[in-house]
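Chain residues, written in single-letter form:
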Amino acid sequence: MSASHRERPSATSHPAFARFMPFVFVFLWSTGFIGAKFGLPYADPFVFLFIRFVLVLILMVPVVLLMKAKWPTSVREAVHIGTAGALVHGVYLGCVFWAIDTGLPAGLAALIVGLQPVVTASVVGAVLGERVTIRQWGGLVLGLLGVALVLLPKIGDGVGITPFGIGLAVVALFGMTAGTLYQKRFCTGMNLLSGTVIQYVFASILVGVIAFFKEPFTVEWSIDFILAMAWLVLVLSIGAIMLLMVLIKQGEATRVASMFYLVPPSAAFLAWMLFDEHLGVLGFAGFGVAAVGVALVMLKR
């Protein structure tokens, strides 16, 4: 076969791009907490998410049709894809937003969700048959310590902490963990464009039903809300989620999960820059510890 007929590698398979994908994802995912801080005062959590997911579908469906993306060949395959989406988008985001709405400090919510790499590593062998090395376990522990160093001083005196709020954060933790493992197990062959659409259809149905029974469909439209929604739709729900799907498809579940250790510290850093929230020497030290932990997990054997 001539060189002109050889299949060209995709952009995501280029070594330089692949090396930086995890760090791009961490930055983009971290901005989600900032977007929520701007937008949530103007709409209830599930109404906020429902509008966000519907806007994503309005933008993505025409693109999928124009690109003539391949759709699942069976209902079973579509349900697998949709289930992963409902867990990753609906359960995780819905419970995190709801927990914060009940008064749970965002830092504590992020710390609970930050346990995801340890939870993933503890079950990944049984579910996916992946082996977690001693070095990777050490990296996971260091990553958790780094997250704690950044966030524990931000928890405060415990005002607003209730068993219900903590329970919601725990459900969010297991929702993201289950969604990541489920996607790795059942959905790695999905088309990125059509699969993302299916996932948001399932997620929008889930949060829409909850919003219908739980919240009034009212929104206080403002420039902050519009800008926050635009960022969350275009950058988070489309850009970052597609990048996450690529990372799940190309990497081991433990390595992908370990990146989430960097999200809470990165979000705290952005809040320090944009909202002058206190970070301190301990917080910056936590960044370094978490980064070392992630590096230990991500390094090739």
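Residues numbered from 1 in each chain as written. Predicted model: local features only at pLDDT ≥ 70, side-chain atom pairs only at ≥ 80, totals over all residues. Heavy atoms only, no water.

Could you give an account of the packing of aromatic side chains, naming the residues involved and the relevant values?
On inspection of all chains with the given rule, the structure shows nine aromatic pairs. On the basis of an interplanar angle of 45° and a centroid distance of 4.7 Å, the ring pair of Tyr182 and Phe186 is categorised as tilted. Separated by four residues within a single helix, Tyr182 and Phe186 lie in helix H7 (residues 163–186), roughly one turn from each other. For Phe186, a relative accessible area of 39% corresponds to the partly exposed category. An angle of 90° between the planes, with centres 5.2 Å apart, marks the rings of Trp221 and Phe225 as edge-to-face. Among the residues examined, Trp221 registers a relative accessible area of 57% and is labelled exposed. Grouped by ring-pair contacts, the aromatic residues Phe48, Phe97, Trp221 and Phe225 constitute a single cluster. Over the ring of Phe186 we find Arg185, and its NZ or CZ is 4.9 Å from the ring centre. (Phe/Tyr/Trp six-rings, centres within 6.5 Å; stacked < 30°, edge-to-face > 60°. Helix = DSSP H or I, 4+ residues; strand = E, 2+ residues; numbered from the N terminus. Buried < 20%, exposed > 50% of the residue type's maximum accessible area, 1.4 Å probe, protein only. Lys NZ or Arg CZ within 6 Å of the ring centre and 35° of its normal.)

Quick one: what's the story with the environment of Gly195, residue by residue and with numbers?
Tracing the backbone shows Gly195 in helix H8 (residues 192–214). Exposure remark for Gly195: the relative accessible area of 0% places this residue in the buried category. Once the C-alpha coordinates of Gly195 and His80 are considered, the two residues, 115 residues apart in sequence, prove to be 10.0 Å apart. In this structure Gly195 touches Ile81 and Met190, once residues within four positions along its chain are discounted. (Contact = heavy atoms within 4.5 Å.)

Give me the packing of helix H2 (residues 45–67) against H8: which residues, what numbers.
Two elements in contact, H2 and H8, have axes whose closest approach is 8 Å; the angle formed by their N-to-C orientations is 155°. Comparing the axis directions of H2 and H8 gives the class roughly antiparallel. In the crossing of H2 with H8, the sense of the turn from one axis to the other is left-handed. Class assignment of the residues belonging to the contact of H2 with H8 gives a composition of 19 nonpolar, four polar and one charged. (Axes fitted to C-alpha atoms, helices over the stretch in contact; angles between N-to-C directions. Parallel < 35°, antiparallel > 145°, perpendicular 65-115°, else oblique. Left-handed = near helix turned anticlockwise from the far one by under 90°. Nonpolar A, V, L, I, M, F, W, Y, C, P; charged D, E, K, R; others polar.)

Quick one: what's the story with a nonpolar patch on the surface, residue by residue and with numbers?
On the surface, Val75, Val79, Val201, Phe202, Ile205, Val209, Phe212, Phe213 and Phe217 cluster together into a nonpolar patch covering about 910 Å² of accessible area. Sort the elements by how many residues they give to the nonpolar patch and H8 lands first, with six residues. The topology assignment puts Val79 in helix H3 (residues 75–101). (Patch = residues over 30% accessible without salt bridge, like charges linked within 9 Å, V, L, I, M, F, W, Y side chains within 5 Å. Areas by Shrake-Rupley, 256 points an atom, 1.4 Å probe, with all protein chains shown as cover. Salt bridge = Lys/Arg side-chain N within 4 Å of Asp/Glu carboxyl O.)

With reference to specific residues and values, describe the environment of Phe25.
With respect to the helices and strands, the residue Phe25 is situated in helix H1 (residues 15–39). Given a relative accessible area of 0%, Phe25 falls into the buried group. Along the primary structure Phe25 and Leu243 are separated by 218 residues, whereas in three dimensions their C-alpha atoms are 6.6 Å apart.

Lay out the packing of H3 against H8 with the relevant residues and their values.
Packing of H3 against H8 leaves a shortest axis separation of 7 Å and a crossing angle of 45°. With respect to H8, the element H3 is oriented oblique. The handedness of the crossing between H3 and H8 comes out as right-handed. From H3, Ala78, Val79, Ile81, Gly82, Thr83, Ala84, Gly85, Ala86, His89, Gly90, Val91 and Trp98 reach across to H8, where they touch Gly195, Ile198, Gln199, Tyr200, Phe202, Ala203, Leu206, Val207 and Lys214. Classifying every residue of the contact of H3 with H8 gives 13 nonpolar, seven polar and one charged.

Could you give an account of the nonpolar core, with specific residues and numbers?
Counting 64 residues, the largest nonpolar core has Phe25, Trp29, Phe48, Phe53, Met60, Tyr92 and Phe97 as its most contacted members. Here the element with the most residues in this core is helix H9 (residues 223–250); it accounts for 16 residues. (Core = buried A, V, L, I, M, F, W, Y, C linked by side-chain atoms within 4.5 Å.)

Account for the confidence of the model for the protein chain, with residues named and values stated.
Within the protein chain, residue pLDDT values average 78, and 71% of them lie at 70 or more. Mean pLDDT across the elements of the protein chain ranges from a minimum in helix H10 (residues 253–258), with 60, to a maximum in H8, with 94. Every residue in residues 1–12 is under pLDDT 50, and counting partners more than four places away or in other chains gives seven contacts. (pLDDT = per-residue confidence, 0-100.)

Provide a residue-level description of the environment of Gly39, including the pertinent values.
Residue position: Gly39 is located in helix H1. Assessed through its relative accessible area of 0%, Gly39 is described here as buried. A C-alpha to C-alpha distance of 6.8 Å links Gly39 and Met229, two positions 190 residues apart in sequence.

Lay out the side chain of Thr177 with the relevant residues and their values.
Here Thr177 is to be found in helix H7. Residues within four places of Thr177 in sequence aside, it is in contact with Gln116, Val119 and Thr120.

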